[in-house]
Amino acid sequence: MTQALHTSALTSLPLLARGKVRDNYAVGKDRLLMVASDRLSAFDVILGEPIPGKGALLTQMALFWFGRLGHICPNHLTGEAPESVVTAEEIPQVRDRSMLVKRLKPIPVEAVVRGYLAGSGWKEYQDSQAVCGVPLPAGLKNAGKLPEPIFTPAAKADVGEHDENISYEQVVKVVGPELAAQIKKISIQIYQEAAAFALTKGIIIADTKFEFGLDENGTLTLMDEVLTPDSSRYWPIEGYEAAYALGANPPSYDKQFVRDWLEAVRINGKPWDKTPPAPHLPPDVIEKTAAKYREALERLTAA
């Protein structure tokens, strides 16, 4: 196992931004080097302990999906080697965990698609029988499959802030009706194709979020990461039915494992208030989380 990378420190390129997981560097005016660190965020708080190997696994998974879904929508990959734009000393920081991508004009909307009712969607449904203004039938249960996938966008928040669910009408206000319709249609199409494929590998993709940008010609382009356990809820098919019958969260390949531990932990007898600093993760939680990410990639890419 390579050494964990919590934060990259490239000096040969200008740092543009550090996100929850990715560090983005400028490569000239028209490209970005996106380095996926081993940082983990939960409840929009970056945890102090990295998950060894996670950045490389996320990158390999994103590249796998970009390869499979290119016929639906163009993506931001340039096809060039990330190692080609850094110094020889910096190659270990970027190898296997980076993408050299086109610099796009980002669309300030998270394109969330849900095929199952879980997380904040389940909470919202219990209150209003709708998610992001999309009405749903009565009688649905936690982790239940929806009659069809729904588009439930969110407004992108700054690092450390919570993304906020918004209605489709608000997306129209931000980007205009034509682009909003295109984002919705493509997001649902990508989700449906990916979810159908994942199911053949014994994985349920309950929900996911996509990020899009516009290239220099105004073409809608898929960017950032895509269909990783950080941006999607991945459930192994084993154990799903039993959890659903109990109304419980199914076992998962994503950071639900860490979220559940953080929900249960007590600091001076009180639950963590979900503000920084996060509680220190014990070694067994770190290793089990790393193993979950590895297993998801191995299942997905198995011949």
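In case you missed it, the structure is sitting above this.
Keep in mind the model is a prediction, meaning the values are calculated, not measured.

Caption draft 1: Quick look at the sheet that holds strand 3 (residues 31–36). Taken in spatial order, the 4 strands make up an open sheet running 1-2-3-6, and their pairing is antiparallel. The sheet terminates laterally at strand 1 (15–18) and strand 6 (98–102), the two strands that pair on one side only. Mean inter-strand twist for the sheet, computed between neighbouring axes without regard to direction, equals 20°. Packing against the sheet, helix 1 (residues 54–69) makes contact with strand 2 (22–27), strand 3 and strand 6, and its axis sits at approximately 45° to strand 6.

Caption draft 2: Representation of the packing of helix 1 against helix 5 (residues 177–200). At a minimum axis separation of 11 Å, helix 1 and helix 5 run at an interaxial angle of 115°. Taken together, the axes of helix 1 and helix 5 are roughly perpendicular relative to one another. The handedness of the crossing between helix 1 and helix 5 is right-handed. Listed contacts from helix 5 to Phe64, Trp65, Arg68 and Leu69 of helix 1 are Ile190, Glu193, Ala194 and Phe197. Among the residues forming the contact of helix 1 with helix 5, the class breakdown is 6 nonpolar, no polar and 2 charged.

Caption draft 3: Representation of unusual backbone geometry. The step from Pro276 to Pro277 runs through a cis peptide bond, and the omega angle for that step is -5°. For Pro277, the location among the structural elements is in the loop between strand 18 (270–271) and helix 8 (283–301). With a phi angle near 70°, Ala143 is a residue other than glycine that sits in the positive phi range. Topologically, Ala143 is positioned in the loop between strand 10 (134–135) and strand 11 (145–151). Judged by relative accessible area, Ala143 falls into the buried class, the value being 0%. In the Ramachandran plot, Lys274 falls in the positive-phi region, its phi being about 65° despite a non-glycine side chain. Note on placement: Lys274 falls in the loop between strand 18 and helix 8.

Caption draft 4: Focus on helix 8. Over its 19 residues, helix 8 extends 27 Å from the first C-alpha to the last, a length consistent with the 27 Å expected when each residue adds 1.5 Å. Those residues of helix 8 that fall on the buried side of the exposure criterion are Val285, Ile286, Thr289, Ala290, Tyr293, Ala296, Leu297, Arg299 and Leu300. If you follow the buried residues of helix 8, they end up packed against helix 1, helix 5, strand 14 (203–214), strand 16 (232–236) and helix 7 (256–264).

Reading the values: rules and limits
- Residues numbered from 1 in each chain as written.
- Predicted model: local features only at pLDDT ≥ 70, side-chain atom pairs only at ≥ 80, totals over all residues.
- Heavy atoms only, no water.
- Pairing = 2+ DSSP bridges.
- Helix = DSSP H or I, 4+ residues; strand = E, 2+ residues; numbered from the N terminus.
- Axes fitted to C-alpha atoms, helices over the stretch in contact; angles between N-to-C directions.
- Contact = heavy atoms within 4.5 Å.
- Parallel < 35°, antiparallel > 145°, perpendicular 65-115°, else oblique.
- Left-handed = near helix turned anticlockwise from the far one by under 90°.
- Nonpolar A, V, L, I, M, F, W, Y, C, P; charged D, E, K, R; others polar.
- Buried < 20%, exposed > 50% of the residue type's maximum accessible area, 1.4 Å probe, protein only.
- Expected span 1.5 Å × (residues − 1).

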